[in-house]
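Survey of secondary and tertiary structure
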Amino acid sequence: MTDSEYLRFFPYEEPYPNQRAAMDRIANALARGQDVLFEGAPGTGKTLSALVPALDHAREEDRTVVITTNVHQQMRQFVEDARAITDAERIRAVVFKGKSSMCHIDVDYQECQTLRDTTRSLVDAERDRSDLAARQRELLEQAQEGDAAAAEAREDVIAEIDSLEDRVESLREGNTCDYYYSNLTADTDEFFAWLFDDVRRPGEIYEYADERGLCGYELLKEGMEGIDLVVCNYHHLLDPTIREQFFRWLGRDPEEVIAVFDEAHNVESAARDYATRTLTENTLESALEELEEVEDDPRADAARNVLSAFHDALVETYEAELGFGERERIGDHWEDVPIANDDRADQLTLSFLDRYEGRGIDAELQLAVQVGKRLDEEYAESYKTGESTTRRESQTLQAATFVSAWMDERSELGQYPLVGVRRDAGTDEVYGRAELYTCIPRQVTGGLFEEVAASVLMSATLRPFGVTTDVLGLENPATISFGLAYPEENRRTYAVETPPLFASARDDPETQETIAGTLRDAIRFTPGNTLLFFPSYREATRYYELLGGNDGIGEYASDGLGDLRLDEAGTPAEQLRQEFVENGDAALFTSLWGTLTEGVSFDDGDARTVVVVGVPYPQLSERMEAVQDAYDHAYADAAVDDPGWRYAVEIPTVRKTRQAIGRVIRSPADFGVRVLVDKRYTSADMGKYSVRGTFPPEEREELLDLQPGKLKFAMLNFYADHDAYDGEPPQP
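Residues numbered from 1 in each chain as written. Predicted model: local features only at pLDDT ≥ 70, side-chain atom pairs only at ≥ 80, totals over all residues. Heavy atoms only, no water.

As annotated in an unreviewed UniProt entry, the protein chain is DNA repair helicase Rad3 from Halalkaliarchaeum desulfuricum.

Here is the structure:
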């Protein structure tokens, strides 16, 4: 592949190390129609490595590139990259967000759909009336010249005009959208000329359209057909219903789309979220109230019977599982209630079967779905005609559809039935929900990767590639991995042999003293900013306070620690990052599960040292155990011991750690220290809980084991060798 074939889309003078090789290999894979798994260290230009050959391939094959992420900060970076590309080689690009962030009148999806239909009907009727009025004038001239046939035809046209006048009047009395009306009636050429003159952010599109009384969201949908590049969120591709509509807006069949996933290690958990279905107790109650209003449909009795049994079973199930005092401790976040049984159906299903009396669950659920569809159609018509000011949705339809899925799918491999409870912030009452949790993401992603022409999944932490391939349902992907190609003398990675921070050891005073001393040394001997990641916000707060971050009198506080900052709820990630970077001598305490672990850049010395405290295993909840069990069954033939633990827990955990330490060393000239504080990272034998072997080989080779008291000397030597201290270095 020659430079002229794809480097026309590369917007800078020289690629980073390995970037050119990555572009070559991705270009060749796309030419074969092959998916790509691409792991590259943070800050090595993965986005352009994927976009440049993808755009060239799409240009040659008349396809569209869709690049997607679930990290908000990355969306901004994609826009900057697309703008740089279009300066080098003109492309037509759109940045697409969901309707909720771009709607000018703040209505939900169903309401919007109804408004669109009604508004389009109004415009069509007005155009028809205008066309007939012109025809009527032509016929009048002909009749005045003595054409009897024209006079007779004119009478028919006048009758049609009168009928259309009534229809227009009726539609105008109904609910329509003024913004969408302008889209259909105004000249929008100026909008599209402005849109494709650059790569526009959603906020810019919203403001431009709002000033002109247009709906920017609908115009975007109309303008996406045949474009070169779309930047969007995960749900546009991972939600099967939205994906079908999205491709239709693009004017593309799936096989005409190249899908590029950034931060692709997140696709696994995101796919689970998009596939999971829920039904709350409140929706069931609303459905039963809705059915009470139905008087002329005999199917309503059957619907009430089956849905009331499921409602009562749901309440009975969570009430029976809540122990003494547990109801009072329930907060406003959903909390799982165990309902699984080893040798029989789950407790909710058993309670439902026990309570139900009728002609048959399947039969009555079918009737409930039918009456729900009828009600939904009536609500839509009522909204269109203006009889109702809001677009209601049938709660019966939602409830019956879910209960049908529950009964059909709850026992399938990868589907796990759950019950949850939470406290309503408005009423202070506890209520429940049923949930069908999807454990195996390939049930969602496998179809997508089979449909599209090819895909590129890129991340700093995709290995082991075989696991990613299995979990996401890919077929024989090409694999590319490039470690950190920047000078090795510019970095050190230390594994400090502190006591392992198991949950049971976190309150141990000796463990806290050892870890606090290690963190104090890491901060003191860092000539600049220090990032500290913990398994939870609780642990971040604990050590922030122990080191004096609350009032300066922490048990292990000392001089030379600079400005200690805590990542707290309510502070936007970008604001927190900016304030930290500008300080220059700060230590930021945050969670490995927070927003700063990935997709946030600390470039060129913005952070000199990064510390990861503990191994950030996810909370071993009932649903995590369900994922492990599902993986054990799904990958029983894999040549891996305990695939459930390895695939569902250990590998995602090490990926999280690798993402965190990737916040430093972002360019060839950058330098810094990465510190892993926990014995499980060292070469010590910790059995099942040793995680060193899960790191890629080249990263394992760079891990240097240290005793806690030796870290300060190692850091002092490294930073002194780089002449990093401003004046005299700190004294050990």
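A short note on the overall build of the protein chain
Along its length, the protein chain carries 28 helices and 18 strands. Its C-alpha atoms give the protein chain principal-axis dimensions of roughly 110 × 70 × 55 Å. Burial analysis of the protein chain (732 residues in total) assigns 55% to the buried set. For the protein chain, the exposed surface amounts to about 32000 Å²; the carbon and sulfur share of it is 42%. Across the protein chain, the centroid of the 74 positively charged side chains sits 4 Å from that of the 146 negatively charged ones. (Helix = DSSP H or I, 4+ residues; strand = E, 2+ residues; numbered from the N terminus. Buried < 20%, exposed > 50% of the residue type's maximum accessible area, 1.4 Å probe, protein only. Areas by Shrake-Rupley, 256 points an atom, 1.4 Å probe, with all protein chains shown as cover. Lys, Arg positive; Asp, Glu negative; His and termini not counted. Charge placed at Lys NZ, Arg CZ, Asp CG, Glu CD.)

Thoughts on the sheet that holds strand 9 (residues 430–438)
To summarise the sheet geometry, strands pair through backbone hydrogen bonds and adopt either a parallel or an antiparallel arrangement. Ordered in space as 6-9-8-7, the 4 strands form an open sheet in which the pairing is antiparallel. The outermost strands of the open sheet, each flanked by one partner alone, are strand 6 (277–280) and strand 7 (335–337). Strand after strand, the sheet turns through a mean of 30° between neighbouring axes, direction not considered. Sheet topology places strand 7 next to strand 8 (residues 415–423); 3 bridges connect them, and they run antiparallel. The residue of strand 8 that forms the bridge with Val337 is Val419. Each of strand 6, strand 7, strand 8 and strand 9 touches helix 15 (residues 299–321); the most contacted strand, strand 9, lies at about 100° to it. (Pairing = 2+ DSSP bridges. Axes fitted to C-alpha atoms, helices over the stretch in contact; angles between N-to-C directions. Contact = heavy atoms within 4.5 Å.)

Overview of the packing of aromatic side chains
Under the criterion given, the structure shown has 32 aromatic pairs. Aromatic side chains Phe718 and Tyr719 sit 5.2 Å apart centroid to centroid with 75° between the ring planes, which places their arrangement in the edge-to-face category. Connected via pairs of aromatic rings, a cluster forms that spans Phe96, Tyr217, Phe246, Phe247 and Trp249. A cation over an aromatic ring shows up here: Arg212 above the ring of Tyr208, its NZ or CZ 3.5 Å from the ring centre. The ring of Tyr437 has Arg623 lying over it, and the distance from NZ or CZ to the ring centre is 4.8 Å. (Phe/Tyr/Trp six-rings, centres within 6.5 Å; stacked < 30°, edge-to-face > 60°. Lys NZ or Arg CZ within 6 Å of the ring centre and 35° of its normal.)

Things to note about the pattern of salt bridges
Scanning the entire structure with this criterion turns up 51 salt bridges. Residue Arg8 is joined to Glu89 by a salt bridge in which the shortest nitrogen-to-oxygen separation is 4.0 Å. Here Arg8, found in the loop between helix 1 (3–6) and helix 2 (19–31), pairs with Glu89, found in the loop between helix 4 (72–88) and strand 3 (93–95); they are 81 residues apart in sequence, far enough to count as distant. Given the relative accessible area of 22%, Glu89 is considered partly exposed. Residue Asp678 is joined to Arg680 by a salt bridge in which the shortest nitrogen-to-oxygen separation is 2.7 Å. What makes Arg680 buried here is its relative accessible area of 2%. Within the structure, one salt-bridge network assembled from shared partners comprises Arg8, Asp56, Arg59, Glu60, Glu89 and Asp228. (Salt bridge = Lys/Arg side-chain N within 4 Å of Asp/Glu carboxyl O.)

Observations concerning the state of the cysteines
Should the sulfur atoms of two cysteines be covalently bonded, the bond is a disulfide. As enumerated under the stated definition, the model contains 0 disulfides in all. The structure places no disulfide on Cys215, whose sulfur is separated from the nearest cysteine sulfur, that of Cys177, by 6.0 Å. The class for Cys215 is buried, based on a relative accessible area of 11%. Distance from the sulfur of Cys232, which forms no disulfide, to the nearest cysteine sulfur (Cys215) is 18 Å. On the basis of relative accessibility, which here comes to 0%, the residue Cys232 falls in the buried class. (Disulfide = S-S within 2.5 Å.)

Considering the side chain of His236
By secondary structure assignment, the location of His236 is in helix 11 (residues 235–238). Not counting residues up to four positions away in its chain, the partners in contact with His236 are Phe96, Lys97, Gly98, Ile242, Arg243 and Phe246.

Some thoughts on the confidence of the model for the protein chain
Per-residue pLDDT for the protein chain has a mean of 91; in total, 99% of the residues score no lower than 70. Within the protein chain, strand 5 (residues 257–261) carries the highest mean pLDDT (98), whereas helix 1 carries the lowest (70). (pLDDT = per-residue confidence, 0-100.)

Overview of the nonpolar core
Across soluble globular proteins, nonpolar side chains show a tendency to be buried alongside one another. Within the largest apolar cluster, 90 residues are counted, with the highest numbers of intra-cluster contacts made by Phe96, Leu195, Met224, Val230, Phe246, Phe261 and Leu457. For Phe261, the contacting residues outside a window of four places in its chain are Thr68, Tyr234, Leu237, Leu238, Val267, Leu448, Phe449, Val456, Leu457 and Met458. In this structure, Leu322, Ile330, Tyr356 and Val403 belong to the second largest nonpolar core, which totals 42 residues. (Core = buried A, V, L, I, M, F, W, Y, C linked by side-chain atoms within 4.5 Å.)

Some remarks on a negative patch on the surface
On the surface, Glu152, Glu155, Asp156 and Glu160 cluster together into a negatively charged patch. If you trace the backbone, Glu160 turns up in helix 6 (residues 148–173). On the basis of relative accessible area, Glu160 is assigned to the partly exposed category, the value being 45%. (Patch = residues over 30% accessible without salt bridge, like charges linked within 9 Å, V, L, I, M, F, W, Y side chains within 5 Å.)

What about helix 18 (residues 361–385)?
When the terminal C-alpha atoms of helix 18 are compared, their 36 Å separation across 25 residues agrees well with the 36 Å that a helix rising 1.5 Å per residue should span. Looking one or two places after helix 18, you find Gly386, whose phi comes out positive at around 90°. (Expected span 1.5 Å × (residues − 1).)

Quick notes on the UniProt feature "coiled-coil region" (unreviewed entry) in the protein chain
The UniProt record annotates "coiled-coil region" (unreviewed entry) at residues 122–174. Helix makes up 92% of residues 122–174 and strand makes up 0%, while its end C-alpha atoms are separated by 10 Å. (UniProt positions renumbered as here; feature names shortened; annotations may be inferred.)

Quick look at the domain arrangement of the protein chain
On domain assignment, one finds that the protein chain holds domain 1 (5–96 + 224–263 + 460–481), domain 2 (99–223), domain 3 (278–438) and domain 4 (486–722). A separation of 58 Å is found between the C-alpha centroids of domain 2 and domain 4. (Domains from an automatic or database assignment.)

Examining the sheet that holds strand 18 (residues 703–706)
Strands sit in the order 14-15-13-16-17-12-18 across an open sheet of 7 strands; the sheet is parallel. Every other strand in the sheet has two partners, leaving strand 14 (563–566) and strand 18 as the edge strands with one partner each. For this sheet, the mean angle separating the axes of adjacent strands, direction not counted, is 20°. Strand direction decides the pairing type here: strand 16 (residues 609–613) and strand 17 (residues 672–677), joined by 5 bridges, are parallel. What sits directly across from Thr609, in strand 17, is Val673. Those strands touched by helix 26 (residues 643–661) are strand 13 (530–534), strand 16 and strand 17, and its axis lies near 160° from that of strand 16.

Considerations on the pairing of strand 17
In summary, the side chains of a regular strand alternate between the two faces of the sheet. Counting buried residues along strand 17, 6 of its 6 residues qualify, which places the element largely inside the surrounding structure. Of the two faces of strand 17, the one carrying Gly672, Arg674 and Leu676 and the one carrying Val673, Val675 and Val677 are both buried.

Examining the environment of Glu579
Here Glu579 lies in helix 24 (residues 573–583). When its relative accessible area of 32% is taken as the criterion, Glu579 is described as partly exposed. Placed 469 residues apart in sequence, Glu579 and Gln110 show a C-alpha to C-alpha distance of 41 Å.

Some remarks on unusual backbone geometry
Cis peptide bonds are those with omega within 30 degrees of zero, and the linkage from Arg463 to Pro464 qualifies with 0°. As for its placement among the helices and strands, Pro464 is situated in the loop between strand 10 (454–459) and helix 21 (465–472). One non-glycine residue, Asp428, lies in positive phi territory at about 65°.

Describing the environment of Trp593
Mapped onto the elements of the fold, Trp593 is located in the loop between strand 15 (586–591) and strand 16. Counting along the chain gives 427 residues from Trp593 to Asp166, while the straight-line C-alpha distance between them is 60 Å. Here Trp593 is in contact with Pro535, Pro616, Tyr617, Pro618 and Lys656, once residues within four sequence places are set aside.

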